[in-house]
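Observations on chain architecture
If you want the building blocks of each chain, they are given just below.
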Amino acid sequence: MLNSVNTKRLMGELKRMEKEPPAYVQLSGYERLDSWVLTIKGADTTLYAGETFHLRFSFPVNYPFESPEVVFIGKVPVHPHIYSNGHICLSILYNQWSPALTVESVCLSILSMLSSCEYKERPVGDSRYVLSASPSPKDTIWRFDDDSI
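Residues numbered from 1 in each chain as written. Predicted model: local features only at pLDDT ≥ 70, side-chain atom pairs only at ≥ 80, totals over all residues. Heavy atoms only, no water.

A look at the packing of aromatic side chains
How we decide: Any Phe, Tyr or Trp ring, taking Trp's six-membered ring, that has another such ring centre within 6.5 Å forms a pair; planes under 30 degrees apart are called stacked, those over 60 apart edge-to-face, and the others tilted. Helix and strand definitions here come from DSSP, where helices need a minimum of 4 consecutive H or I residues and strands a minimum of 2 consecutive E residues; each element is numbered from the N-terminal end. Categorising residues by exposure relies on relative accessible area from a 1.4 Å probe, with only protein chains included: less than 20% of the type maximum marks a residue as buried, more than 50% marks it as exposed, and the intermediate range marks it as partly exposed.
Taken as a whole, this structure holds eleven aromatic pairs when the rule is applied. Considering the side-chain rings of Tyr129 and Trp142, the 5.6 Å spacing of their centres and the 45° angle between planes classify their relative orientation as tilted. In this pair, Tyr129 is assigned in helix H3 (residues 126–132) and Trp142 in the segment after H3, connecting sequence segments 13 residues apart. In this structure Tyr129 comes out as buried when scored by relative accessible area, which is 13%. A relative accessible area of 13% places Trp142 in the buried class. By the ring-pair criterion, three or more aromatic residues cluster together here, those being Trp36, Phe57, Phe59, Tyr63 and Trp97.

Quick look at the structure:
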């Protein structure tokens, strides 16, 4: 159950995403305040230009002090840091999370990750990971050793 702190924060972020979303990002909908779907489009002049993807944000009860669970749903981009089950290897979603981060900043980080990609391929060990991974990427112990993509 959400509390007054995270309800107020989420309402503010929701209003901002509805009124002034960043370029290439749009709020697609939400069933409840703690579960949103956002559409992200590949930026012009990138490998993902013209492609559309959907992200599901699931907010824990202690958001923003704990990161949201963020996964691609439906069509998943082929990217060295995105697994075919939609899990995203991005430090700010896990051990580098800060309450100062927002839905907007997470979307911009993911868009930046896509925009800077130079080749489309799945992460090493994708098939093995997908077979053994928990439904929640937050249950994975991630190693962040490649900032080049």
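From this point, the narrative continues.
Comments concerning unusual backbone geometry
In the segment running from Tyr63 into Pro64, the intervening peptide bond is cis, with an omega of 10°. Examined against the element boundaries, Pro64 turns out to sit in the loop between strand E3 (52–58) and strand E4 (69–73). Backbone geometry at Thr45 places phi at a positive 65°, although glycine is not the residue there. Turning to its location among the elements, Thr45 is positioned in the loop between strand E2 (35–41) and E3.

Observations regarding the pairing of strand E1 (residues 25–32)
Rules: In short, DSSP must find at least two bridges between two strands for them to pair.
With six bridges joining them, E1 and E2 adopt antiparallel strand pairing. Bridge pairing in E2 places Tyr30 opposite Trp36. The loop that links E1 with its antiparallel partner E2 comprises two residues.

Side note on the pairing of E2
Most of E2 sits out of view: five of its seven residues are buried. Here seven bridges tie E2 to E3, and the two strands are oriented antiparallel to one another. When the sheet's bridge partners are listed, Thr39 is paired in E3 with His54.

Description of the nonpolar core
Applied cut-off: Grouping buried Ala, Val, Leu, Ile, Met, Phe, Trp, Tyr and Cys residues that are joined through side-chain atoms within 4.5 Å yields what is termed a nonpolar core. Residue contacts are counted whenever heavy atoms from the two residues lie within 4.5 Å of one another.
Core analysis: the biggest nonpolar cluster contains 38 residues, and Trp36, Phe57 and Ile110 have the highest contact counts within it. If you list the elements that add at least two residues to this core, you get helix H1 (4–19), E1, E2, E3, E4 and helix H2 (103–115). Not counting the four nearest positions on each side in its chain, Phe57 is found in contact with Asp34, Ser35, Trp36, Leu38, Pro68, Glu69, Val70, Val103, Val106 and Cys107.

A word on the pattern of salt bridges
Put simply, the rule is: The term salt bridge refers to a side-chain nitrogen of Lys or Arg lying within 4 Å of a carboxyl oxygen of Asp or Glu.
Taken as a whole and judged by the stated rule, the model has seven salt bridges. Taking the shortest distance from any N to any O, the salt bridge between Asp34 and Arg32 comes out at 2.8 Å. The exposure class assigned to Asp34 is partly exposed, which follows from its relative accessible area of 22%. Among the salt bridges present, the one from Glu69 reaches Arg56, with a minimum N-O distance of 3.2 Å. Of this pair, Glu69 sits in strand E4 while Arg56 sits in strand E3, and the two are 13 residues apart along the sequence. Under the relative-accessibility criterion, Glu69 is labelled buried at 15%. Classification of Arg56 as partly exposed rests on a relative accessible area of 27%. What you see here is one network of salt bridges that share partners, running through Glu51, Lys75 and Lys120.

Thoughts on the sheet that holds E4
The following threshold applies: Between N-to-C directions, angles cover 0 to 180 degrees, with each direction set by a line fitted to C-alpha atoms, over the stretch in contact for helices.
Strands sit in the order E1-E2-E3-E4 across an open sheet of four strands; the sheet is antiparallel. One side of each edge strand has no neighbouring strand; the edge strands of this open sheet are E1 and E4. Sheet twist, expressed as the average angle between the axes of neighbouring strands with direction ignored, equals 25°. Against the sheet, H1 touches E1 and E2, its axis set at about 135° to E1.

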